[in-house]
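Understanding the architecture of this molecule
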2 protein chains.
Amino acid sequence: MNYLELGIGELEAEKSNLEKLYAKYKAMGLKLDMSRGKPASSQLDLSNGSLETLRTTRSVSGTDARNYGILDGLPEMRAYFGELLGLDPETIVVGGNSSLNLMFDMMAQLMLFGPAGYEPWGRQGRLKWLCPAPGYDRHFAITEKFGFEMIIVPMTPTGPDMNIVESLAKDDPEIKGIWCVPLYSNPQGICYSDETVRRLGAMKTAAPDFRIFWDNAYGVHHIVGEKHLADIFAACKAGGNANRPYYFFSTSKITFPGAGVSIMAMTPEERTWALKRMTIQTIGHDKLNQLRLLQFLPTPADLRNHMKKLAGEIAPKFDLVRKKLSEAFEGTGLLSWQVPEGGYFYAVDTLDGCAKRTVALAADAGVKMTGAGATFPLKHDPRDRNIRIAPTYPPVAELDQAMDLFVICAKLAGVEKLLAEKKN
Amino acid sequence: MNYLELGIGELEAEKSNLEKLYAKYKAMGLKLDMSRGKPASSQLDLSNGSLETLRTTRSVSGTDARNYGILDGLPEMRAYFGELLGLDPETIVVGGNSSLNLMFDMMAQLMLFGPAGYEPWGRQGRLKWLCPAPGYDRHFAITEKFGFEMIIVPMTPTGPDMNIVESLAKDDPEIKGIWCVPLYSNPQGICYSDETVRRLGAMKTAAPDFRIFWDNAYGVHHIVGEKHLADIFAACKAGGNANRPYYFFSTSKITFPGAGVSIMAMTPEERTWALKRMTIQTIGHDKLNQLRLLQFLPTPADLRNHMKKLAGEIAPKFDLVRKKLSEAFEGTGLLSWQVPEGGYFYAVDTLDGCAKRTVALAADAGVKMTGAGATFPLKHDPRDRNIRIAPTYPPVAELDQAMDLFVICAKLAGVEKLLAEKKN
């Protein structure tokens, strides 16, 4: 049934029907949370091995990891992530428990001290940033905090719309960079094509100090098959823009959120510059936690194997969401979405103007979803249509209920809108 | 024998004697490190219990500490440090493994976003900072990095010379704050008197947004008895300057350097302001590491008891330094020092112009000491006389050798200087 083709009478009937269903759910007094990309307890249990007694505190470098020292991370930890992600270990700096923190600090560094060889951004006047959206709310919060004007770039099935990215970046020297979640993007699960990566590396930018924040948060979070991601460093080097990318990654969604290990990677020139700041900022990050990861998942192969177990936890939830959406909305004209093959999220687009209403209806009936608009800069979705679904946290039975309610809410919001339009 | 009273002949004889002794040590091919305030392995072993399997991952708040959440630290962790340090838990924010990182980030925040209610310091023009010296090199490195003009304030046995602090701060609005290590200061082991704390809280400052960075790094590091420290928050409140202090502390030198737990504390107004930045910077610090501390040393009383064991490790080293200095230099006129009752360091003053030479002589004979000058802003000791002795890292037998060599080097440098003066 295509709702867009219904008359007022049919819509009224459907609305009344949906309202009855909604009332039934509301009466159930649900209290479910689909708001954030948090792993479920059952998923965390798979990493409980990392809580066990740490059997060695000695690094292969000979350093006593209990003591001070080694600003850029244990050499074996850098080698490990290098192998896992196809990065040169010499480009890697190991951080603390949060890659978001590394991104914030890098942005603070750029504002205060500039990219290597350039005037600090904080003294360059007006600043703008390209924000492929829907995207990650905490990325946008960083550029907002530092005063960037954020320019929305639409997403396509192969990444940000590169025609728009190129045309904006080449003419405006105030545009200093772009946020990218290149694999299983948050929230749509989009993977950047090789061509997108090539163009990001090759494109001309009016700002000579244009930077890519490459947040490969879901770099090993495959669920269905394994999507390939092209090498951003190679692409930038080939384009004559070697220093353009800052690469970020963490194990927050591999072992424990908030107790994992984060890294960043960049060219040697940029790395030397970043370490110059870091050497003032700290004596070093937690090396025992690095050894804890190495003890629990000794090789990158062990980590990849562990990711398969995690995928086993998440796949049924993704399947459930896929099934519910397809059963409820295929052919209705009310909702569009892509089926992600990895990562942590689904994203749907309602009819224009229906996202806030949908999320509010769900909240009133006890299901908390990510705030509508949160996937856009300044939490403002210009078309009020994008909703992020974070299916990992609730157990399958709860997710099932939550999705049923979501379906009713999204339909009701859509029908309300269509009715209002017809009556005008 | 007072070297200052010797004639040229006696000095020549003494010099030749010292040179022979020095050559003997040099031939031994020593390789000892007294350069940094690192705990010895035997000291770290006392905290190996904290490496054991973490038996609970649940906070008293009900939160699963493995997952995201709780930006300001587990409530039981804040209560713990509140009790340990006499702070209101509501003023505390728990950080990651490094209080230095908290200080750097706080300074970055002040530069970029200002203290609560004030213009960002980065937009206020010229900035100056009071640096009681000798002091901690990494403090000075932070204010250097952020472009402050650093003003040296001499230390007295009761803390920074408050007459100078007050007179500078009251007239110059460009002076934005002061570094303080109030208990067992690095490197002299000086403890701020109640009167010093009172005056720091009460003094008038030309800058309305004057701030005290109160790094209580050695707040529980008693070795001989227990020195008292007055409450800086009470002092500032009484003086009508409640928002003046930022308080820092960590367990880096209680359990493991680089794998401990850090905190900062400030008034609720400042705390809300700091959390506003932190909520953009990270989703939260490592809560499992907080539980690890709570498992290993469940109560503040356990921690204090643990500090007694650590003091048992350090006391013989402090004793040795005290004895060596007193035997070698009492009455010589070549060296002056105070005997610290806690903390991590000794500091000595040579004759003017002899510190660099002493440290260089020691280095040439295989004993690495903290660089001369490092205890002053810009690593420049105007009188080239202060040397920090960090006795904790080497085992007692090595420290014994290192101190014997140090004595020879300091004497030789002194004699060389006296001879040069006499011959001029």
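Our subject in this report is the structure included herewith. The structure displayed is predicted, hence computed values, not measured ones. (Residues numbered from 1 in each chain as written. Chains lettered and ligands numbered in written order. Predicted model: local features only at pLDDT ≥ 70, side-chain atom pairs only at ≥ 80, totals over all residues. Heavy atoms only, no water.)

1. As for the pattern of salt bridges
Using the following cut-off: We define a salt bridge as a contact between a side-chain nitrogen of Lys or Arg and a carboxyl oxygen of Asp or Glu at a distance within 4 Å. For the purposes of this entry, the term helix denotes a DSSP run of H or I that reaches at least four residues, the term strand denotes a run of E that reaches at least two, and both are numbered from the N terminus.
What the rule picks out here adds up to 50 salt bridges over all chains. A salt bridge links Asp-349 of chain A to Arg-385 of chain A; the nearest nitrogen and oxygen atoms lie 3.8 Å apart. Residue Asp-349 of chain A is found in strand β11 (residues 346-350), and its partner Arg-385 of chain A is found in the loop between β12 (367-369) and β13 (386-389); the two are separated by 36 residues along the sequence. Between Lys-417 of chain B and Glu-421 of chain B there is a salt bridge whose closest N-O contact spans 3.1 Å. One end of the pair is Lys-417 of chain B and the other is Glu-421 of chain B, both in helix α13 (residues 396-423) and four residues apart, which spans about a single turn.

2. Let's talk about the sheet that holds strand β7 (residues 211-215) of chain A
All names here are of chain A. Applicable threshold: Here a strand pair is declared whenever DSSP counts at least two bridges between the two strands.
On the basis of which strands lie adjacent, the open sheet formed by eight strands has the order β2-β9-β8-β7-β6-β3-β4-β5 and mixed pairing. Edge positions in the sheet fall to β2 (92-94) and β5 (159-160), since each of these pairs with one other strand and no more. Pairing of strand β8 (residues 245-250) with strand β9 (residues 262-265) involves four bridges; the strand directions are antiparallel. Bridging from a neighbouring strand, Tyr-247 pairs with Ala-265 of β9.

3. A look at the pairing of strand β8 (residues 245-250) of chain B
Residues and elements named next belong to chain B. Selection criterion: Exposed residues in this analysis have more than 50% of their type's maximum accessible area, buried residues have under 20%, and partly exposed residues fall in between, with area computed by a 1.4 Å probe over protein chains only.
With respect to burial, β8 is a largely interior element, six of its six residues being buried. The alternating pattern of β8 places Pro-245, Tyr-247 and Phe-249 and Tyr-246, Phe-248 and Ser-250 on opposite faces, both of which are buried. When strand β7 (residues 211-215) meets β8, the two strands line up parallel, connected through four bridges. Considered in β8, the bridge of Ile-212 is made with Pro-245.

4. Notes on the relation of the copies chain B and chain A
This is how it is decided: Copies are brought into register by a least-squares superposition over C-alpha atoms of residues with pLDDT of at least 70 in both. The criterion used for residue contact is that any of the two residues' heavy atoms lie within 4.5 Å.
Here chain B sits on chain A after a turn of 180 degrees about the axis and a move of 0.0 Å along it, with an RMSD of 0.1 Å. Here the symmetry operator amounts to a two-fold rotation axis. Ranked by how close their C-alpha atoms come to the rotation axis, the residues of chain B are headed by Thr-53 of chain B, at 2.1 Å. A share of 100% of the interface residues of chain B reappears at the interface of chain A, consistent with the copies meeting face to face through the same patch.

5. Quick word on the sheet that holds strand β10 (residues 335-337) of chain A
Residue and element names in this part refer to chain A. Let me state the cut-off plainly: As a rule, the C-alpha atoms of each element are fitted with a line to give its axis, helices using only the stretch in contact, and angles between N-to-C directions run from 0 to 180 degrees.
With respect to topology, three strands assemble into an open sheet ordered β10-β11-β13, the strand pairing being antiparallel. Looking at strand neighbours, the two that pair on one side only are β10 and β13, the edges of this open sheet. Geometrically, the sheet is characterised by an average inter-axis angle of 30 degrees between neighbouring strands, direction not taken into account. In this sheet, β11 lies alongside β10 in antiparallel orientation, the contact comprising three bridges. Paired with Leu-335 across the strands is Thr-350, a residue of β11. Across the sheet, helix α13 (residues 396-423) is in contact with β10, β11 and β13; its angle to β13 comes to roughly 175 degrees.

6. Here we look at the nonpolar core
Cut-off, in case you're wondering: What makes a nonpolar core is a set of buried Ala, Val, Leu, Ile, Met, Phe, Trp, Tyr and Cys residues whose side-chain atoms join them at distances within 4.5 Å.
Counting 112 residues, the largest nonpolar core has Phe-81, Leu-200, Trp-214 and Phe-406 of chain B as the members making the most contacts within it. Element by element, the count of residues in this core is highest for α13 of chain B, at 14 residues. If we ignore the near neighbours within four places in the chain, the residues touching Leu-200 of chain B are Met-162, Val-165, Ile-178, Cys-180, Tyr-192, Ile-212, Trp-214, Ile-232 and Arg-244 of chain B. Val-197, Leu-200, Val-261 and Leu-303 of chain A belong to the second largest nonpolar core, which has 111 residues in total.

7. Comments concerning the packing of aromatic side chains
Given two aromatic rings, one states the distance between the centres and the angle between the planes to describe the pair. In plain terms, the rule: What counts as a ring pair is set by centres within 6.5 Å for rings of Phe, Tyr and Trp (its six-membered ring), and what kind of pair is set by the plane angle: stacked under 30 degrees, edge-to-face over 60, tilted for all other angles. Any Lys NZ or Arg CZ found within 6 Å of a ring centre and within 35 degrees of that ring's normal is scored as a charge over the ring.
In this structure the tally under the stated criterion is 36 aromatic pairs over all chains. With centroids separated by 5.1 Å and ring planes inclined at 75 degrees, the aromatic side chains of Trp-179 of chain B and Phe-213 of chain B adopt a geometry described as edge-to-face. Taken as a pair, Trp-179 of chain B in strand β6 (residues 175-180) and Phe-213 of chain B in strand β7 lie far apart in primary sequence, 34 residues in all. Given the relative accessible area of 0%, Phe-213 of chain B is considered buried. Taken together, the ring pairs in this structure connect Trp-121, Trp-129, Phe-148, Trp-179, Phe-213, Tyr-246 and Phe-248 of chain A into an aromatic cluster. The ring of Tyr-393 of chain A carries Lys-38 of chain A above its face, with NZ or CZ at 4.7 Å from the centroid. Sitting over the ring of Phe-113 of chain A, Lys-145 of chain B keeps its end group 4.4 Å from the ring centre.

8. Here's the deal with the interface of chain B and chain A
Our working definition: Put simply, buried area is the surface a 1.4 Å probe can reach on two separate parts but cannot reach once they are joined, added for both. Counting of polar contacts relies on pairs of N or O atoms within 3.5 Å, with two restrictions inside protein: one atom must be capable of donating a hydrogen and the other of accepting it, and residues adjacent in sequence are counted only when both atoms are side-chain atoms.
With 53 residues of chain B at the contact, the number on the chain A side is 53 residues. In total, chain B and chain A occlude about 4,500 Å² of area from one another, counting both sides; carbon and sulfur atoms represent 57% of this. Interface area lost by chain B to chain A is led by Arg-66, Tyr-68 and Ile-280 of chain B, which between them contribute 18%. Taken together, the links from chain B to chain A amount to two salt bridges. The shortest N-O distance in the salt bridge between Asp-45 of chain B and Arg-66 of chain A comes to 2.8 Å. Taken together, the connections running from chain B to chain A amount to 21 residue pairs in polar contact (both at pLDDT 80 or more).

9. Observations regarding the side chain of Lys-317 of chain B
Residues and elements named next belong to chain B. The condition is simple: Charged-residue counts in this description rest on Lys and Arg as positive and Asp and Glu as negative, His and the chain ends being excluded.
Looking at the element boundaries, Lys-317 is found in helix α11 (residues 300-329). An unpaired buried charge is present at Lys-317: no salt bridge exists, and Glu-313, the closest side chain of opposite charge, is 5.2 Å distant. For Lys-317, the side chain forms a polar contact with the main-chain oxygen of Pro-394, separated by 3.0 Å. Discounting residues that sit within four places of it in the chain, Lys-317 has contacts with Ala-40, Pro-391, Thr-392, Tyr-393, Pro-394, Pro-395, Val-396 and Leu-399.

10. Things to note about the state of the cysteines
Condition: When two cysteine sulfur atoms are found within 2.5 Å, that pair is recorded as a disulfide.
Per the stated rule, a full pass over the model turns up zero disulfides over all chains. As a non-bridged cysteine, Cys-236 of chain B has Cys-180 of chain B as the owner of its nearest cysteine sulfur, 9.5 Å distant.

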